[in-house]
Amino acid sequence: MDMPQHKSWEITGPDVAAELLSWINVTPEDCQLLGSLYERAKERSMTFAQDFAGRILAAEQTAEYIAPYPLDVLAKTLANWFIELFSGTYDLTYAEARIRIGQVHVRLGLPVRYPIAMFDLVTRHGEQVAAAGGQTAVEAFRKILSLDIAVFSQAYEENQLTHLANVMGNERLARMLLMKEL
Ligand code: HEM
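Cut-offs applied
- Residues numbered from 1 in each chain as written.
- Predicted model: local features only at pLDDT ≥ 70, side-chain atom pairs only at ≥ 80, totals over all residues.
- Heavy atoms only, no water.
- Salt bridge = Lys/Arg side-chain N within 4 Å of Asp/Glu carboxyl O.
- Helix = DSSP H or I, 4+ residues; strand = E, 2+ residues; numbered from the N terminus.
- Buried < 20%, exposed > 50% of the residue type's maximum accessible area, 1.4 Å probe, protein only.
- Core = buried A, V, L, I, M, F, W, Y, C linked by side-chain atoms within 4.5 Å.
- Contact = heavy atoms within 4.5 Å.
- Donors = N, O, S within 2.8 Å, 3.2 Å for Na, K, Ca; no water.
- Axes fitted to C-alpha atoms, helices over the stretch in contact; angles between N-to-C directions.
- Parallel < 35°, antiparallel > 145°, perpendicular 65-115°, else oblique.
- Left-handed = near helix turned anticlockwise from the far one by under 90°.
- Nonpolar A, V, L, I, M, F, W, Y, C, P; charged D, E, K, R; others polar.

A. Just the pattern of salt bridges, in detail. By the definition in use, this model includes six salt bridges. For Arg142, the salt bridge is made with Glu127, and the minimal N-O distance between the two is 2.7 Å. Within this pair, whereas Arg142 is found in helix α8 (residues 135-168), its partner Glu127 is found in helix α7 (residues 113-130), the two being separated by 15 residues in sequence. The exposure class of Arg142 is partly exposed, given its relative accessible area of 42%. Among the residues examined, Glu127 registers a relative accessible area of 22% and is labelled partly exposed. Salt-bridge contacts for Arg175 lead to Glu171; the nearest nitrogen and oxygen are separated by 3.1 Å. Taken as a pair, Arg175 and Glu171 lie in helix α9 (residues 171-178) at a separation of four residues, close to a single helical turn.

Laid out in structure tokens, this is it:
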């Protein structure tokens, strides 16, 4: 049987951060525009975090994940995460930090649908901030946000692939199984 191979499969670990940054194509103008909105993001960050926590707390099945953590600390962490979207510097260090956050959620046993479904709320608050910089800033914000959405999904996929590869013997076989080719 022919084993399929794709170039994207060879990009793993820290290389994913570099690849995504280049693939999303964040321009120096995007960085400058978003960075200029940093103070506005700061002003909105606690409202964002409260809204965010409110959604998690509104349902039993999500509230139980945050129950063991002090809410004010979690809210502060979320507020900082939001502000960083407008840091204006989106380099490898930035992307790697965002990837690590996805991995934290994998380890919580939190189904991926919750963080992904949360991005509508992030989009709403982020676009409100970005709107002050005009349409180009809103589009730049969407690019930067897509990095977070991508790395959250990537963290979950990598976790599954790693475990499946251990069972199957290698990652290529694991990918083929997921493609229903085995
Ligand atoms: C857009 C989606 C989300 C983002 C951006 C986000 C962001 C973060 C960040 C930045 C941290 C701190 C990670 C660290 O540095 O250790 C964190 C931790 C945490 N998040 Fe989320 N989160 C999201 C969705 C969720 C959801 C939906 C839940 C629960 C239903 C959740 C539960 C938690 C918990 C319990 C922690 C604490 C983990 C620990 O300290 O070990 N998150 N989150």
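B. Inspection of the nonpolar core at higher detail. Counting 45 residues, the largest nonpolar core has Phe48, Trp81, Phe82, Leu85 and Phe86 as the members making the most contacts within it. Put simply, the parts of the chain that give this core at least two residues each are α1 (15-24), α2 (28-35), α3 (38-57), α5 (71-84), α6 (92-108), α7 and α8. Among the elements that line this core, the one with the most residues is α8, at 11 residues. Among residues more than four places away in sequence, those in contact with Trp81 are Phe48, Arg98, Ile101, Phe119, Val122, Leu145 and Asp148.

C. Seen up close, the coordination of the iron atom of the ligand. If you check the protein contacts of the iron atom of the ligand, you find one donor only, His105 (NE2), at 2.0 Å. Checked against the element boundaries, His105 lands in helix α6.

D. Inspection of the packing of α3 against α7 at higher detail. Put simply, α3 and α7 touch, their axes get as near as 10 Å, and they point 155° apart. Taken as axis vectors, α3 and α7 run roughly antiparallel relative to one another. As for how α3 packs across α7, the hand of that crossing is right-handed. On the side of α3, the interface is formed by Arg40, Ala41, Arg44, Thr47, Phe48, Asp51, Phe52, Arg55 and Ile56, while α7 contributes Ala117, Met118, Asp120, Leu121, Val122, Arg124, His125, Gln128 and Val129. A per-class count over the contact of α3 with α7 returns nine nonpolar, three polar and six charged.

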